[in-house]
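Given next are the chains, with one letter for each unit.
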Amino acid sequence: MHIYDSVKKTKLKFESITPRKASIYICGPTVYDNAHLGHARSSLSFDLLVRTLKALRYDVIMGKNFTDIDDKIIKKVQESGKSLAEITTYYITRYQEDMRALGVIDADIEPKATQSLEAMESMIQSLIDKDIAYIVESGDVYFDVSKDKKYGAISKMVGDDQENQSRVEHTSLKRNPKDFALWKACNGEDDICFETAFSKGRPGWHIECSAMIEEHFAKTHGNEEYSIDIHGGGADLLFPHHENEASQSRCATGHELAKYWMHNGFVNINGEKMSKSLGNSFFVKDALKVYDGEILRNYLISVHYRNDFNFNEEDLLNSKKRLDKLYRLKKRVTPTKASKPNKTFYKAILSAMSDDLNISVALATIDEMISSTNDKLNENPKNKGLKKETLANIEFLDELLGFGGKEPFSYFQIGIDKETKIKIEFLIQQRDEAKKAKDYEKSDAIREEISAMGISLMDTAEGTLWEKL
RNA sequence: GGCGACAUCGCCAAGUGGUAAGGCCGCAGCCUGCAAAGCUGCUAUCCCCAGUUCGAAUCUGGGUGUCGCCUCCA
C-alpha cells in the first residue's frame, strides 16, 4: 500500500506502527446541520482507504469524531429552544443515516466532544503546567505557538511576518496572532459551559481531536514516536486545524500525532467551492431523494480523492451508465453461485487501489472485465464457470468499492412502484403476443407506450427485460 | 501580502523520463422484424515559451490561466 502524505507531499509506502494493524482517525462533522456532499466525499474517500486496507488484510481501527459542542451549535440551541443533546443527537443520527445510505462502513469508534471533556481538560492542564498554554484575564486558555519549535511542520504556513496580512482581526488577549484557543471561557448566562480547574467554559475546536486520539488510540495503537498511523480530513483542515492539533499533541504528549496525513479534495458546485459561507451547500439527503445512494456513491468516488470534484448532474448520469453496465452483466450471470474472483482481475483492482487509491485505474479495469466477459458470454452464453467467476468478481467489487451488491433486476427497478410494475409487465406480455403474431405495428406501439413511461426494453433469448432509464 | 494545488480528445478522467488507459458523446459495422442491450472498429501528442536528456505530458526555468488555504468549514 502506498499513500500520498500531504505533509511530506509525496507518495510513501505505508508501514504501520504495528505490523498488520492500521489505526486511522478522521475529522468528522460539527453536528449543527445536515451532512452535505463535502462530508460525503470525505467519508467516502476514507471508506475506500479502510476497505482497501482490509482487503490487504490489515486489522483496521477507524475513528471518526462528532464535534457536538461549538458556537454554531449553541447558536442553534438558543434559536430553536431545544436542548443541546436534542440538536446534536438528531444531526448525528441524520449523518449516520446519510453515510450508511452511501455505503460508508461505520467507524469503529465515534467519540463525541462532550464525552471527551476530561481528556481535553487534562491535556490542556498539562500544557498549562508546561507553560505552553496560558490563561488570559477572560478565562480563555490559549496555546502559545512560539513554544513549539516545530509549529508549521504540517502546513509550512509559518511566515515570519509579524504584521501578517491575514484577513482576520486578532484579539489583543493573545500573545501571538497565531496562538489559538484551547478553552473558551463562558460567555453570558445562556452559554453552555463546563466546569474545569482553569475556568468555566467549553473546549476550543482543535483540542478535541488531539484528546480523543490520545484517549482512544495512543495507548493501544501508537508507539513512542506516533499516536496513530493515519490522520485524515478535508483539505481545508490542513491549516490551521491539523497544524494546531499536531502542535498541541506534540507538546502535551511528547510524540507526533500521526505517521501519515491524508487530505481529500473539495466538492465544487459550478466550479466554486461548496461551503457554508457561500451558501451553496448541497445536502446529501436532498441528493438521496433523487438518486439512490449507490449511484451517488459510485459517482462521488469516481474521481481520485485528492482532486477537486466538480459536482454536476451530467457527470453523475455518465457515471451511472458505468454502473448500469456492471448490473447488466450481473443480470447475465444471475442466478448462479459465486466461485472465486478471477486472479488477474482481483490483483489488478487491488493493486490499483493500493496505489494511493487509484480509482480511475480500478474503474478502467472493471470496464475491461465487463466488456471481455460480455464478449465471451456472447460466444458461449452457457459458460457456467465464467458466470460463477464473474459473480465472484462483482461480489469482490462490492466488498472493496462498495457497489454492485444489489440484486440486478431490482437495481433497474428502483423508484418503480408495484402498480407500475404490474402495468409494465402486462404491456410486455401484450407486446410479446403481438410480436408472435408478427403484428409489429402493434408491438412497436406498445413499446412506444412503455418507453413513454421511462422504461427501456431489451429482447433477449431469456425473454423481454426492462429497465428504468 | 504569505503558502499551495492544478492545466491531458467535445465532456469526465488515468498516466510523474521511454514514445498518450478507460468511460460518456459521435461515426461505421455485427446482432435484431425494427429497436434496445451487447460486441468490433475509428477519433488527442498532452496551456504557451525556453532548457536538461539519446528520449519529456512527465524534470528545470519563465509565462498565462483556473482554484484553494491563511476566518467556521469535509
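Within any chain, residue numbers begin from 1 and follow the written order of that chain's sequence. Chains carry letters and ligands carry numbers; both start at the beginning, A for chains and 1 for ligands, and go up in the order they are written. Owing to the predicted nature of the model, reporting of local features is limited to residues with pLDDT of at least 70; listing and counting of side-chain atom pairs is limited to 80 or more, with chain, interface and lining totals taken over all residues. Water and hydrogen atoms play no part in the side-chain values, which are based on all heavy atoms of the structure.

**Q** Help me understand the packing of helix α2 (residues 71-80) against helix α3 (residues 84-101), please; the structure alone is not making it clear to me.
**A** Two measures define how a pair of helices packs: the angle their axes make with one another and the distance between the axes. Only the stretch in contact is used when a helix axis is fitted, and all axes are lines through C-alpha atoms; the angle between N-to-C directions ranges over 0 to 180 degrees. Put simply, DSSP H or I for four residues or longer makes a helix, DSSP E for two residues or longer makes a strand, and each gets a number counted from the N terminus. Taken N-terminus to C-terminus, the directions of α2 and α3 make an angle of 115°; their axes are 9 Å apart at the nearest point. Crossing of α2 over α3 shows right-handed handedness. Two secondary-structure elements touch here, α2 through I73, K76, V77 and S80 and α3 through L84, I87, T88 and Y91. Three categories are distinguished: nonpolar for Ala, Val, Leu, Ile, Met, Phe, Trp, Tyr, Cys and Pro, charged for Asp, Glu, Lys and Arg, and polar for the others, with Gly belonging to the last. Taken together, the residues of the contact of α2 with α3 break down into five nonpolar, two polar and one charged. Left-handed describes a crossing whose near helix is turned anticlockwise from the far helix through less than a right angle; right-handed describes the clockwise counterpart. The contact definition used throughout considers only heavy atoms, calling two residues in contact when any of these lie within 4.5 Å.

**Q** Before we go on, may I ask you to explain the state of the cysteines in this structure?
**A** A covalent bond between the sulfur atoms of two cysteines is referred to as a disulfide. Criterion for a disulfide: a pair of cysteine sulfur atoms within 2.5 Å. Enumeration according to the criterion identifies one disulfide in this entry. Residue pairing for C186: its cysteine sulfur links by disulfide to C193, the two sulfurs lying 1.8 Å apart. Across the S-S bond of C186 and C193 the torsion is about 95°, and the bridge reads as right-handed. Think of it in three bands: with a 1.4 Å probe and only protein chains considered, a residue is buried below 20% of the maximum accessible area for its type, exposed above 50%, and partly exposed in between. Residue C186 is classed as partly exposed on the basis of its relative accessible area of 31%. Here C193 falls in the buried class, since its relative accessible area comes to 18%. Not engaged in a disulfide, the cysteine C209 finds its nearest cysteine sulfur in C27; these two sulfurs lie 3.8 Å apart. Residue classification places C209 among the buried positions, given a relative accessible area of 1%.

**Q** What am I meant to see in the domain arrangement of chain A here?
**A** How big an interface is tends to be reported as the loss of accessible area on association of its parts. A domain assignment, automatic or from a database, supplies the domain bounds used here. We note that the domain assignment places domain 1 (2-134 + 145-151 + 205-269), domain 2 (313-410) and domain 3 (418-468) within chain A. Centre-to-centre separation of domain 1 and domain 3, based on C-alpha positions: 53 Å.

**Q** Which parts of the structure should I look at to understand helix α9 (residues 313-332)?
**A** Residues three or four positions apart in an α-helix share a direction because the helix packs 3.6 residues into each turn. Over its 20 residues, α9 extends 29 Å from the first C-alpha to the last, a length consistent with the 28 Å expected when each residue adds 1.5 Å. Residues of α9 that are buried include every one of L316, S319, K320, L323, D324, L326, Y327, L329, K330 and K331, and no others. Contacts from the buried residues of α9 go to α8 (293-300), β13 (309-311), α11 (359-379), α12 (384-401), α13 (408-411) and β15 (463-468). Side-chain atoms alone can form a polar contact between residues adjacent in sequence; in general such a contact is a pair of N or O atoms within 3.5 Å, and within protein one must be able to donate a hydrogen while the other accepts it. Capping of α9 at its N-terminal end is provided by N312; its side-chain oxygen lies 3.1 Å from the backbone amide nitrogen of E314. Helix span, expected: 1.5 Å multiplied by one less than the number of residues in the helix.

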